[in-house]
Amino acid sequence: MTQFDGELSPPFEIVEPASWRAPIIFNSPHSGSVYPSEFLNASRIDLAALRRSEDSFMDELIGGLSEQGFPTVRVNFPRSYVDVNREPYELDPRMFTGRLPSFANTRSMRVAGGLGTIPRVVGDGQEIYRERLSVDDALGRIEALYKPYHRALRRLINKAHQAFGTVILVDCHSMPSVGVSRDEPRRPDIVIGDRYGTSCASLLPDVVEEIMSGLGYSIGRNKPYAGGFITEHYGNPASGLHTVQLELNRAIYMDERRRERSPRFAQVATDFAALADALAQVPLGDLGPFQAAAE
């Protein structure tokens, strides 16, 4: 299943502006919707069920920002196939025939929940595969898709960091409007994740909240999403590397059942552009580098 026959070419896309307006990168790692045929054949659930894990249209909401001077990154393969917002080897041994490498992380909470680098389930808990996969299949996906994406993202971050002395990575996601648990309170329109103050200067979530609440959005922080591997791995405020995760409530911009853009879609894209403008106006000197709040 690691022979993609051009289906996943390119596996991800980076659009750089002719001139960078600010060292701000907008990343959409979970909006990929190109499903390899062999993946679909191996799945016990249909395409509609697989797509429940997608951050559908998130890449489109940020797509126009490259024309305003901000680089954008989008992943084209689905997170149910390979999840780049995980460690490279968060793998569930129950999924595979053969022995995983000794360096695989088989005990993380995400693996336990079936949502490792090669997910076992989709977002609502349905098992994906009819049969176990080979270990070579998993490692092949990681080598062919996961690692090239992170190498390219790291190069882009380094380019901004070298040119400006600091960089802001805005990791853009969407969330179901209601949680799996009935006990979970109503989800806000946007959840800002900064790993509880450790992945970016505190000024950045404050700016996001001020701008988006001013535009009429309800805001939450770090619950139920504080940020995944990308936020944690690339966020190092003491070195001038700032990462903030944004989770947008899908009901705001799409019909979740039909998986269609809603009439409000264009306005949400406009509001994201306003947020980008506001972040670009933050004086870089106000971001540090300095120690993160938890250190």
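A few points on the structure. (Residues numbered from 1 in each chain as written. Predicted model: local features only at pLDDT ≥ 70, side-chain atom pairs only at ≥ 80, totals over all residues. Heavy atoms only, no water.)

1. Brief notes about unusual backbone geometry
Peptide bonds are, in most cases, trans, and in most cases residues other than glycine have a negative phi. Across the junction of S9 and P10, the peptide omega takes the value 5°, indicating a cis bond. In this structure, P10 sits in the segment before β1 (12-15). Cis geometry is adopted by the peptide bond preceding P224, which originates at K223 and carries an omega value of 5°. Here P224 shows up in the loop between β8 (219-221) and α7 (229-234). A positive phi angle, close to 65°, is found at N222, a residue other than glycine. With respect to the element layout, N222 can be found in the loop between β8 and α7. (Helix = DSSP H or I, 4+ residues; strand = E, 2+ residues; numbered from the N terminus.)

2. Observations regarding the packing of aromatic side chains
In the structure shown here, the tally under the stated rule is nine aromatic pairs. Ring centres of F39 and Y81 lie 5.0 Å apart, and the angle between their planes is 55°; on these two criteria the pair is classed as tilted. A residue pair is termed long-range when its members are at least 10 positions apart, and F39 in helix α1 (residues 37-42) and Y81 in the loop between β3 (72-75) and β4 (96-97) qualify at 42 residues. Accessibility expressed as a relative area gives 0% for F39, which makes it buried. Judged by its relative accessible area of 0%, Y81 falls in the buried class. (Phe/Tyr/Trp six-rings, centres within 6.5 Å; stacked < 30°, edge-to-face > 60°. Buried < 20%, exposed > 50% of the residue type's maximum accessible area, 1.4 Å probe, protein only.)

3. Brief notes about the environment of P148
Relative to the helices and strands, P148 resides in helix α5 (residues 135-164). Sequence-wise, P148 and H161 are 13 residues apart; in three dimensions their C-alpha atoms are separated by 20 Å. Once residues within four sequence positions are removed from consideration, P148 is found in contact with F12, I142 and E143. (Contact = heavy atoms within 4.5 Å.)

4. Considerations on the pairing of strand β6 (residues 167-175)
Burial runs high along β6: nine of the nine residues are buried. Burial of β6 is two-sided: the residues V167, L169, D171, H173 and M175 facing one way and the residues I168, V170, C172 and S174 facing the other way are all buried. Bridge analysis of strand β2 (residues 24-28) against β6 gives four bridges, and the strand direction is parallel. Bridge assignment links F26 to a residue of β6, and that residue is V170. As judged from the nine bridges shared by β6 and strand β9 (residues 241-249), these two strands associate in the parallel manner. From the neighbouring strand, C172 faces β9, where its bridge partner is L246. (Pairing = 2+ DSSP bridges.)

5. Topic: the nonpolar core
Among the nonpolar cores identified, the biggest contains 44 residues, and I25, F96, I118, Y129, Y149 and I157 are the most heavily contacted of them. Within the residue set of this core, elements represented by two or more residues are α1, α2 (47-50), β3, α5, β6 and α7. When residues of this core are assigned to their parent elements, the largest contribution, eleven residues, is made by α5. Not counting residues within four places of it along the chain, the set of residues in contact with F96 comprises L91, I118, R132, L133, S134, V135 and A138. (Core = buried A, V, L, I, M, F, W, Y, C linked by side-chain atoms within 4.5 Å.)

6. Here we look at the pattern of salt bridges
Close approach of charged atoms allows side chains with opposite charge to pair. Taken as a whole and assessed by the stated rule, the structure comprises 19 salt bridges. A salt bridge links D277 to R21, with the shortest nitrogen-to-oxygen separation between them at 2.6 Å. Here D277 is found in helix α8 (residues 265-280), whereas its partner R21 is found in the loop between β1 and β2, with 256 residues between them in sequence. Judged by its relative accessible area of 23%, D277 falls in the partly exposed class. On the accessibility criterion, R21 (40% relative accessible area) is partly exposed. R221 is paired through a salt bridge with D206; the nearest N and O atoms lie 2.7 Å apart. On the criterion of sequence distance, the pair formed by R221 in strand β8 and D206 in helix α6 (residues 203-214) is long-range, its members being 15 residues apart. (Salt bridge = Lys/Arg side-chain N within 4 Å of Asp/Glu carboxyl O.)

7. Digging into the sheet that holds β3
Hydrogen bonds between backbone groups are what pair the strands of a sheet, and the pairing can be parallel or antiparallel. Taken in spatial order, the seven strands line up as β1-β3-β2-β6-β9-β7-β8 in an open sheet, and their pairing is mixed. Bordering the open sheet on either side are β1 and β8, each of which pairs with just one other strand. Between one strand axis and the next, the sheet turns by 20° as a mean value, whatever way the strands run. (Axes fitted to C-alpha atoms, helices over the stretch in contact; angles between N-to-C directions.)

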